Structure formats: C-alpha cells, structure tokens
Amino acid sequence: MTTDQADHPYQSGLDAGIVRYQACDDCGAWQPLQRHACRACGGTRLGWRDAAGTATIHSVTEVARAPTDAFRALAPYTLVLATLDEGPRVMAHAEPGVAIGERVRAGFLRHGEHTLLRFLRE
Ligand SMILES: [Zn+2]
C-alpha cells in the first residue's frame, strides 16, 4: 500500500475503527463509489461521513487461495459485498459462513500495517 492509500479517508477510518463513506455536502446523497461529483445533484462538494458499521450481506465469496503473498496467511477467508445501513455497498472480509441477507456489524482486523474491514454476525 502506498502512502496515498494510507492517507485515504476510508483507510484511515478503518485504522481508527470507523467505516466511512462519501456523501454530498450539498444534498446529502450517499455516493456508491468514490466520485468527483454527486450522483443526485451534480454538486462537487463531496465529503466523508462515519457509518454506524451495521450492514446486510449482499454477496459472499469464499477465497481458498490468496491472490498475493500478503493475504496467504489469511486464507481461506470470506469476502463479501455488504450494504451499509446508510446505503453504500462495500467490499470487505467477513466471518466464515455468513449468508446473503444476514445482518452484520463491522469488525476490524489488523493485518500487517493495514486494517481490514471484517464483518461479524450481529
Ligand atoms: Zn448532491
């Protein structure tokens, strides 16, 4: 990970135990991915908000073989797309065995010098 990514509001939030998402400072609409203009009003004053950390599982992938050396120690592991209660969808690790539609809350897994978002069953 580069210094730029470590300084990113999403990653620095995880390091502090907070899930963050981007929202429009003009109309308040949450943004599906990091964007440069609001999906709702076209405004460019986008900021980062703290999410409650509760979410619903949207999809689940079991990873048996890690794609990189950095993740080898974690394998096998579970990756999910989860929909935050605030609306945005995030990719994250999760407790093994979570199912689509299940309610989860954010957990934080220290991995090397990074912090990974890892959802746990509520
Ligand atoms: Zn807006």
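Draft legend 1. Region of the structure containing the confidence of the model for the protein chain. Chain-level statistics for the protein chain give a pLDDT mean of 89 and a share of 95% at 70 or above. Ranking the elements of the protein chain by mean pLDDT puts helix H1 (residues 3-6) last with 52 and strand S3 (residues 54-63) first with 95.

Draft legend 2. Main features of the pattern of salt bridges. Scanning the model with the defined rule gives 9 salt bridges in all. Arg49 is the partner of Asp25 in a salt bridge, and the nearest nitrogen-oxygen pair spans 3.7 Å. Taken together, the residues Asp25 in the loop between strand S1 (20-24) and strand S2 (46-50) and Arg49 in strand S2 connect sequence positions 24 residues apart. In this structure, the salt-bridge partner of Arg121 is Glu95, at a minimum N-O distance of 3.3 Å. Placement of Arg121 in strand S7 (residues 114-121) and of Glu95 in the loop between strand S5 (89-94) and strand S6 (103-111) is noted, with a sequence separation of 26 residues between them. The class of Arg121 is partly exposed, set by a relative accessible area of 31%. Taken together, the shared-partner salt bridges in this structure form one network comprising Asp85, Arg103 and Glu122.

Draft legend 3. Here's a closer look at the coordination of the zinc ion. Ligation of the zinc ion by protein atoms is provided by Cys24 (SG), Cys27 (SG), Cys38 (SG) and Cys41 (SG), these donors lying 2.3 to 2.4 Å from the ion. Around the zinc ion, the 4 donor atoms are arranged such that angles at the metal cover 105 to 117 degrees; this shape is classified as tetrahedral. In the primary structure, the donors to the zinc ion are separated according to the pattern C-x2-C-x10-C-x2-C. One end of the pair, Cys27, is in the loop between S1 and S2; the other, Cys41, is in the loop between S1 and S2, with 14 residues separating them in the sequence. Assessed through its relative accessible area of 42%, Cys41 is described here as partly exposed.

Draft legend 4. Fine view of the packing of aromatic side chains. Inspection of every chain in the model, using the stated rule, returns 1 aromatic pair. Their ring planes at 40 degrees and their centres at 6.1 Å tell us that Phe71 and Tyr77 sit as a pair that is tilted. The partly exposed category is assigned to Phe71, whose relative accessible area is 24%. Here the guanidinium or amino end of Arg39 rests over the ring plane of Trp30, the centre of that ring lying 4.4 Å away.

Draft legend 5. View of the nonpolar core. Counting residues in hydrophobic clusters, the biggest one holds 19 residues, and the most contacted among them are Val19, Val80, Leu84, Leu117 and Phe119. Put simply, the parts of the chain that give this core at least two residues each are helix H2 (9-15), S1, S3, strand S4 (77-84), S5, S6 and S7. Beyond its immediate sequence surroundings of up to four residues, Leu84 is in contact with Val19, Ala51, Thr54, Ala55, Val90 and Phe119.

Draft legend 6. Molecular detail of the side chain of Thr115. Its location among the elements puts Thr115 in strand S7. Judged by relative accessible area, Thr115 falls into the buried class, the value being 5%. With sequence-adjacent residues up to four places away left out, Thr115 is seen in contact with Gln11, Leu14, Asp15, Phe108, Leu109 and Arg110.

So, how was this worked out
- Residues numbered from 1 in each chain as written.
- Predicted model: local features only at pLDDT ≥ 70, side-chain atom pairs only at ≥ 80, totals over all residues.
- Heavy atoms only, no water.
- pLDDT = per-residue confidence, 0-100.
- Helix = DSSP H or I, 4+ residues; strand = E, 2+ residues; numbered from the N terminus.
- Salt bridge = Lys/Arg side-chain N within 4 Å of Asp/Glu carboxyl O.
- Buried < 20%, exposed > 50% of the residue type's maximum accessible area, 1.4 Å probe, protein only.
- Donors = N, O, S within 2.8 Å, 3.2 Å for Na, K, Ca; no water.
- Tetrahedral: all angles 85-135°; square planar, octahedral: opposite > 155°, others 65-115°.
- Phe/Tyr/Trp six-rings, centres within 6.5 Å; stacked < 30°, edge-to-face > 60°.
- Lys NZ or Arg CZ within 6 Å of the ring centre and 35° of its normal.
- Core = buried A, V, L, I, M, F, W, Y, C linked by side-chain atoms within 4.5 Å.
- Contact = heavy atoms within 4.5 Å.

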